[in-house]
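# Fold and contact review
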Amino acid sequence: MPEPVTDSDEVLRRASVAEIDPRTLYLLAKLRQDVFALEQGATDPDLDGRDLDPTTTLVWFEVPGAEATAAGLQREPAAHTRVLHEADGTVRIGRVAVRAADRRRGLGGRVMRASIDLARELDEQAEIHVDAQAYLEQWYQGFGFETVGAPFDEAGIEHVPMLLRPGRG
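Only a predicted model underlies this, so the values are computations on that prediction, with no experimental measurement involved.

Reading the values: the criteria
Residues numbered from 1 in each chain as written. Predicted model: local features only at pLDDT ≥ 70, side-chain atom pairs only at ≥ 80, totals over all residues. Heavy atoms only, no water. Helix = DSSP H or I, 4+ residues; strand = E, 2+ residues; numbered from the N terminus. Rg over C-alpha atoms; globule rule 2.2 N^0.38 Å. Areas by Shrake-Rupley, 256 points an atom, 1.4 Å probe, with all protein chains shown as cover. Lys, Arg positive; Asp, Glu negative; His and termini not counted. Charge placed at Lys NZ, Arg CZ, Asp CG, Glu CD. Salt bridge = Lys/Arg side-chain N within 4 Å of Asp/Glu carboxyl O. Buried < 20%, exposed > 50% of the residue type's maximum accessible area, 1.4 Å probe, protein only. Core = buried A, V, L, I, M, F, W, Y, C linked by side-chain atoms within 4.5 Å. Contact = heavy atoms within 4.5 Å. Pairing = 2+ DSSP bridges.

Moving on, we get to the overall build of the protein. Within the protein, the secondary structure is distributed over 4 helices and 9 strands. What you see for the protein is a C-alpha radius of gyration of 15 Å, in line with the 15 Å of a compact globule of 169 residues. Overall, the C-alpha framework of the protein stretches about 45 × 35 × 30 Å when taken along its three principal axes. In the structure as shown, the protein presents an accessible area of about 8,600 Å², 51% of it carried by carbon and sulfur atoms. Separation of charge centres in the protein, based on 19 positive and 30 negative side chains, amounts to 3 Å.

For the rest of this paragraph, the subject is the pattern of salt bridges. Scanning the entire structure with this criterion turns up 23 salt bridges. The shortest N-O distance in the salt bridge between Asp102 and Arg99 comes to 2.6 Å. Taken individually, Asp102 and Arg99 each receive the classification buried, so the pair is uniform in this respect.

Membership of the largest hydrophobic core comes to 27 residues, with the highest contact counts inside it found for Ile116, Ile128 and Phe145. At 7 residues, the largest contribution of residues to this core is made by helix α3 (residues 107–122). Not counting residues within four places of it along the chain, the set of residues in contact with Ile128 comprises Val91, Ile93, Ile116, Ala119, Arg120, Phe145, Met162, Leu163 and Leu164. The next biggest cluster of nonpolar side chains, apart from the first, holds 6 residues, and it includes Ala15, Ile20, Leu28 and Trp60.

What follows is about the pairing of strand β2 (residues 10–15). Most of β2 is tucked away, with 5 of its 6 residues classed as buried. Of the pairings in the sheet, the one linking β2 to strand β3 (residues 56–63) comprises 5 bridges and is antiparallel in character. Bridge pairing in β3 links Arg13 to Trp60.

In structure tokens form, the structure reads like this:
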């Protein structure tokens with residue numbers, strides 16, 4: 001696992017599922033469950049098998065907290081993305097989740113920036129795709145993503161396909 005990047009009590013991490021401590025992996029899955037299933041009422045399962053792909057990297061910020069303490073860890077996940085390096089050479093960023101208590105602190109933007117940076121490390125000429133929740137379309141545009149299709153329903157939530165072209169963002 002790469003050396004963590006720290007900013008006060010926050011730590012940025014990235015790793016494949018196989019490299020993650022089981023307690024941290026559990027807390028990452030819990031974060032996604034809390035945001036997607038419980039808070040947003042997503043109708044499709046979050047765990048779709050793609051986390052296990054060898055070309056998948058999870059990216060997350062950890063902060064001190066009660067769940068970490070209970071699990072015997074120093075920090076717990078507060079913001080998360082999943083970066084998929086696809087067989088066609090594109091990169092897909094998904095499963096963008098920020099814990100409700102940690103929103104408005106900039107962690108979502110910072111974890112997205114770290115994910116874009118990772119995508120550029122994987123292949124600086126790759127197109128980066130996101131299926132953005134429609135209400136966050138302008139937020140993604142702030143990173144240089146452009147909308148490339150009509151809105152669609154995914155898991156009972158309106159999404160829009162977006163693309164970050166090489167050399168942008």
